[in-house]
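In case you want the letters, here they are:
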Amino acid sequence: MGAPVGALSALQRTVLKPDARWWQIGFLASFLLFGALWHDIAIAPAQVLLCALSALGTQAAWQWGLRLPTRRRWSGYLSAAVSTLGICILVRSNGLWVHPLLAAVAMSSKYLLRAGPEACRSHVLNPANLAAFLAWALLPDAWLSPGQWGSGSLLALWFMALGLWVTRRAQRVDVSLAFLLAWGGLCAARLAGLGYAWDPGVAMWLRQVGNGAVLLFAFFMISDPMTTPQRRVPRLVYALLVALAAFVWQYQLFRPHGLIVTLFAASWLVPWINHAWPAPRASWAREPVLTFKPESA
């Protein structure tokens, strides 16, 4: 007997037109594995496991509690896997409780903090960005370690190639490139203003622009199609302003984690931007936009 038509069509959609988050999961997992094997990053397997269980469990609780149509599909849980990897890449702790707590709060924020016009109503904060901000701002036993992979040219090229592929599939390559151009230009202007010669100026610029923290931010945080402006021109302006604010925070005010802090603050403006310049909400898997209407009994 052949497979049911519904199951077969779902399998065909997954294989032939996969959700862009599958690419995110594959790349972020390889990035985390690279750090664990070659850079000896300070995260225990138990922390990764507890973070994943918390994120998936929280997502499932909300999905089933709200009776969302995606509660029985893989697509309903992909964002939990993406957020788990992002949290494990950025956040460090000496205990086992930090990662699962951050995962639960981050995934819950998708359902509790929602705003914007009906056509593009979505969660306000990128879950991994929220977790990183809370780890830095509130938790005493946690800290951020975004630059631990260094800025090797081969790794940066690998990161950019896969990052461009993912953001292209998510229809957000424009915001990634706009941010990187603005950030790179500001860093170059600063080094020139400080009077650095070509050597070591170029090497310093590459470390500031091509390190893992900046590329992770550009391709997997600010490019999130659910938490960036839906219309292209406001989205590009948004990317430029985030780059400028992060630059001021980090290099003029001399405060740490400018990218994480600035994106957290700027995300609250996105619903207002979407009200002012409305556009249909992006979809990860080319499916109808979900609303929070429970299924009829």
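Residues numbered from 1 in each chain as written. Predicted model: local features only at pLDDT ≥ 70, side-chain atom pairs only at ≥ 80, totals over all residues. Heavy atoms only, no water.

Ranked by size, the top nonpolar core spans 69 residues in total, and within it Val91, Phe179, Trp183 and Ile222 carry the most contacts. Discounting residues that sit within four places of it in the chain, Ile222 has contacts with Val175, Phe179, Phe217, Thr228, Tyr238, Ala239, Val242 and Leu263. (Core = buried A, V, L, I, M, F, W, Y, C linked by side-chain atoms within 4.5 Å. Buried < 20%, exposed > 50% of the residue type's maximum accessible area, 1.4 Å probe, protein only. Contact = heavy atoms within 4.5 Å.)

So, about the UniProt feature "transmembrane region" (unreviewed entry) in the protein. According to UniProt, the feature "transmembrane region" (unreviewed entry) maps to residues 20-38, 74-91, 149-166, 178-198, 204-223, 235-252 and 258-277 in the numbering used here. Between the first and last C-alpha atoms of residues 178-198 the distance is 25 Å; the span itself is 81% helix and 0% strand. End C-alpha to end C-alpha, residues 258-277 measures 27 Å, and it is 85% helix and 0% strand. (UniProt positions renumbered as here; feature names shortened; annotations may be inferred. Helix = DSSP H or I, 4+ residues; strand = E, 2+ residues; numbered from the N terminus.)

Relative to the elements of secondary structure, Leu244 occurs in helix α11 (residues 232-252). You can call Leu244 partly exposed: its relative accessible area is 41%. Sequence separation between Leu244 and Thr262 is 18 residues; the distance between their C-alpha atoms is 9.4 Å.

In this section: the pattern of salt bridges. Under the definition given, this model contains two salt bridges. Arg232 is paired through a salt bridge with Asp174; the nearest N and O atoms lie 3.1 Å apart. Of the two residues, Arg232 is situated in helix α11 and Asp174 in helix α8 (residues 173-193); the sequence distance between them amounts to 58 residues. On the basis of relative accessibility, which here comes to 52%, the residue Arg232 falls in the exposed class. Taking relative accessible area as the criterion, Asp174 reaches 14% and is therefore assigned buried. In the salt-bridge network here, residues are joined through shared partners; they are Asp174, Arg232 and Arg235. (Salt bridge = Lys/Arg side-chain N within 4 Å of Asp/Glu carboxyl O.)

The next subject is the packing of α8 against helix α10 (residues 212-220). Running from N to C, α8 and α10 cross one another at 145 degrees; their axes reach a closest spacing of 8 Å. Handedness of the α8/α10 crossing: right-handed. Along its contact with α8, which presents Ser176, Phe179, Leu180 and Trp183, the element α10 presents Val214, Leu215, Phe217, Ala218 and Phe219. Of the residues in the contact of α8 with α10, the class split is eight nonpolar, one polar and no charged. (Axes fitted to C-alpha atoms, helices over the stretch in contact; angles between N-to-C directions. Left-handed = near helix turned anticlockwise from the far one by under 90°. Nonpolar A, V, L, I, M, F, W, Y, C, P; charged D, E, K, R; others polar.)

Now for the packing of aromatic side chains. One pass over the full model with this rule turns up 13 aromatic pairs. Judged by centre distance (6.4 Å) and plane angle (55 degrees), the rings of Trp22 and Trp74 are tilted. With a gap of 52 residues between them, Trp22 in helix α2 (residues 20-38) and Trp74 in the loop between α3 (45-65) and α4 (78-90) connect regions that are remote in the sequence. Aromatic pair Phe133 and Phe264: ring centres 3.8 Å apart, planes at 5 degrees, arrangement stacked. Residue Phe133 is located in helix α6 (residues 127-137), and its partner Phe264 is located in helix α12 (residues 258-267); the two are separated by 131 residues in the primary sequence. Summarising the burial analysis for this pair, Phe133 and Phe264 share the class buried. Joined through ring pairs, the aromatic side chains of Phe133, Trp136, Trp249, Phe264 and Trp268 make up one cluster. Above the plane of the ring of Trp64 lies Arg71, whose end atom (NZ or CZ) is 5.0 Å from the centre. (Phe/Tyr/Trp six-rings, centres within 6.5 Å; stacked < 30°, edge-to-face > 60°. Lys NZ or Arg CZ within 6 Å of the ring centre and 35° of its normal.)

On to α4, then. Look at α4: 19 Å from first C-alpha to last across 13 residues, which is about the 18 Å you get at 1.5 Å a residue. Within α4, twelve of the 13 residues are buried, which leaves the element mostly enclosed by the surrounding structure. (Expected span 1.5 Å × (residues − 1).)

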